Amino acid sequence: MIMNQFISIFLAIIVSLPVTGWAEQPDGWFEALKNRATDQELHQLLYEMPKGGDLHQHLSGALFSEWWLDLALAARDDGYEYFTRVQLNNCHPYGHNAFGSSPANLMFHNLMRVNYEALSSCEKSQYRALSTLTEEQKQGWLDSLRLDKPYEGRNEFFETHWQRLGDLLANPWIRAEGIYLNMQAFADEGLLYIEPQIATDGYRTAEGKAIPTDQVVTIFQQRLQARDALATGITVRFQRAVLRFLPDAEQQMVDTYQFVANNWPWVGVNLVGREDNDKGYPLRFLSTLRQLRQQHHGVSLSIHAGEVDEPNAHVRDTLLLGADRIGHGLNLIQDPDTMLLMRHGPYLVEINLISNLLLEYVGRYDEHPFPEYLRTGIPVALSTDDRGMWDSTMTDEFFVAVKEFNLSWPEIKQLSRNSISYSFLEEPEKTALLNLFEKRITEFENRLKRQTRIKLISMNSAPKRGFICRKYDICSE
Ligand SMILES: [Zn+2]
């Protein structure tokens, strides 16, 4: 979104600035605004604010429930038809695998037709075509992919959301369209760059046949080059992730690393999956990565580390693996030597405030180490992780950060600068985006500073989604 286009479209909301006091200090205009604006006004301002990049997002977790539904229904054009489990008929009364990738009692589990046809008649009777859901079933389906209940948390997310998506994850056209929808949504929020983690294997045709990786890559590359995608103005690079605790995770690392070395715009490799499953401990991958670095160049590492409750050396060990960025880094706060190593250092921690609260790695925001990292010189940036499943936005991440930790204007700008500086973009593109960000943020700042009254575009243009509405009182009329 280009701010200038909208400046003239105002105006729904006016916040008066005080004549003296804050306004006389550098960036006092922002302190004054923060103190006088309602939460709703602050949220709107942060929506309109130009931003940098989102360095930590999983494409399939970044799609909103309603996008999944629309894309699944539209996939009929590509020959795919989906069925979802809407009732349980006790088809396995004397035991079944409740722990595998397709638990027998998981409601709203999704199958494509070829796999539905292979079910027993009892199993079939539990499913219904996605296109024929009642309103109540549709709402249940949408909610089944959101962490929207107080009793839901880490287990619901890790053990049901992905399993539930089921065959929807195997459709590369859905995923490609999801890339575009994300580009559009993040552009609307004023971002310049995203670096989603996106898989290139495990895809199937509507007949159930495996789709070769080369073809998947082409599908994604073509979607990025389509006119509407280019028109968003968003620059995109991809990461590919390895599920860290699998028995063959080393081999997956080899395959993934070689893939990224040879397939632009994939630029980085990540390790994902519950860190409280010790089978995926970081140093498991040390010798594999050392071997890979003997042969390949140009592969960056950003790795989830420290997304656990207990203290351990995962962040330190992950830096030893060669990672330049750490996903989450929550328990870094309990590792003083590594904190000292990272102060004013070259390694960035990708902070995911909403994810950490909903997955209960912090019970409240005053337990979160983000302000300690930010204000002791450990490079940080805000990111959205699986924002489709949190039902939130990048604006919401900034809102939480400003509300809970009283961010200054220079701190806000630094977060966005970091999100470009520490990206895995090639240097010329990085410089260009940093310059573009500086231009946009300076224009935005000057616009706000020049005015004796702050004019926002419209109180209703910022999307107000589930998380922010439940936690803060900004959604009432
Ligand atoms: Zn993540």
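Residues numbered from 1 in each chain as written. Predicted model: local features only at pLDDT ≥ 70, side-chain atom pairs only at ≥ 80, totals over all residues.

1. As for the sheet that holds strand E5 (residues 127-129)
The strand order E4-E3-E5 describes an open sheet built from 3 strands, whose pairing is antiparallel. The sheet is open, and its two edges are formed by strand E4 (110-112) and E5, each paired on a single side. When strand polarity is set aside, the average angle formed by the axes of neighbouring strands in this sheet is 30 degrees. Relative to E4, strand E3 (residues 82-85) runs antiparallel, the two being bridged by 3 bridges. Its bridge partner lying in E4, Tyr 82 is registered against Met 112. (Pairing = 2+ DSSP bridges. Helix = DSSP H or I, 4+ residues; strand = E, 2+ residues; numbered from the N terminus. Axes fitted to C-alpha atoms, helices over the stretch in contact; angles between N-to-C directions.)

2. Brief notes about the domain arrangement of the protein chain
Reports of interface size often rely on the accessible area that becomes lost once the parts have come together. Each assigned domain of the protein chain is listed with its residue range as follows: domain 1 (53-63 + 172-437) and domain 2 (81-166). A straight line from the C-alpha centre of domain 1 to that of domain 2 covers 29 Å. With 11 residues of domain 1 in contact, the opposing surface of domain 2 contributes 13 residues. (Domains from an automatic or database assignment. Contact = placed C-beta atoms within 7 Å.)

3. Some details on the packing of helix H10 (residues 172-188) against helix H11 (residues 213-225)
In contact at an axis separation of 9 Å, H10 and H11 are set at 25 degrees when each is read in the N-to-C sense. Relative to H11, the element H10 is oriented roughly parallel. Helix-helix and strand crossings are classified by hand; for H10 and H11 the assignment is right-handed. Listed contacts from H11 to Pro 172, Trp 173, Ala 176, Ile 179 and Tyr 180 of H10 are Val 216, Ile 219, Phe 220, Arg 223 and Leu 224. Residues belonging to the contact of H10 with H11 are distributed by class as follows: 9 nonpolar, no polar and 1 charged. (Parallel < 35°, antiparallel > 145°, perpendicular 65-115°, else oblique. Left-handed = near helix turned anticlockwise from the far one by under 90°. Nonpolar A, V, L, I, M, F, W, Y, C, P; charged D, E, K, R; others polar.)

4. Re the environment of Thr 84
Structurally, the position occupied by Thr 84 is in strand E3. Given 26 C-beta atoms within 10 Å, Thr 84 falls into the buried group. Distance in space between the C-alpha atoms of Thr 84 and Trp 141 is 8.4 Å, their sequence separation being 57 residues. Not counting residues within four places of it along the chain, the set of residues in contact with Thr 84 comprises Phe 108, His 109, Asn 110, Tyr 127, Arg 128, Leu 130 and Trp 141. (Buried ≥ 20, exposed ≤ 12 C-beta atoms within 10 Å, placed from the backbone.)

5. Examining the pairing of strand E12 (residues 348-351)
With burial as the criterion, each face of E12 is covered, one bearing Leu 348 and Glu 350 and the other bearing Val 349 and Ile 351. Relative to E12, strand E11 (residues 325-328) runs parallel, the two sharing 3 bridges. Across the sheet, the residue bridging to Arg 325 is Leu 348, located in E12. Since E11 and E12 lie parallel, the crossover through helix H16 (residues 336-342) that links them has a hand, and here it is right-handed. (Right-handed = clockwise from strand over helix to strand, strands pointing away.)

6. Regarding the environment of Trp 390
Looking at the secondary structure, you find Trp 390 in helix H19 (residues 387-390). Sequence spacing of Trp 390 and Ala 62 is 328 residues, and the spatial spacing of their C-alpha atoms is 8.8 Å. Not counting the four nearest positions on each side in its chain, Trp 390 is found in contact with Leu 147, Ile 354, Ser 355, Leu 358 and Phe 467.

7. What to know about the environment of Glu 310
If you trace the backbone, Glu 310 turns up in the loop between strand E10 (300-305) and helix H15 (314-320). Residues Glu 310 and Asp 276, 34 residues apart in the sequence, show an inter-C-alpha distance of 8.8 Å.

8. As for the confidence of the model for the protein chain
In this model, the protein chain carries a mean pLDDT of 92, and residues with pLDDT of at least 70 account for 93%. Within the model, pLDDT remains below 50 along residues 1-20, and this stretch shows 43 contacts once partners closer than five positions in the same chain are excluded. (pLDDT = per-residue confidence, 0-100.)

9. Focus: the sheet that holds E12
Within a sheet, neighbouring strands are paired by backbone hydrogen bonds and run either parallel or antiparallel to one another. The 6 strands lie next to each other as E8-E9-E10-E11-E12-E13, forming an open sheet whose pairing is parallel. For this open sheet the edge positions go to strand E8 (238-243) and strand E13 (380-382), each flanked by a neighbour on one side alone. Pairs of neighbouring strands in the sheet enclose a mean axial angle of 25 degrees, with direction left out of account. The pairing of E8 with strand E9 (residues 266-272) spans 6 bridges and is classified as parallel. Bridge pairing links Gln 239 to Gly 268 in E9. Helix-sheet contacts for helix H21 (residues 409-421) involve E12 and E13, and the interaxial angle to E13 is about 100 degrees.

10. Focus: unusual backbone geometry
The linkage connecting Trp 264 with the following residue, Pro 265, adopts the cis geometry, with an omega of 10 degrees. Tracing the backbone through its elements, the reader meets Pro 265 in the loop between helix H13 (249-262) and E9. The phi dihedral of His 328 falls on the positive side, at around 85 degrees, and the residue is not glycine. Following the sequence through the fold, His 328 ends up in strand E11.

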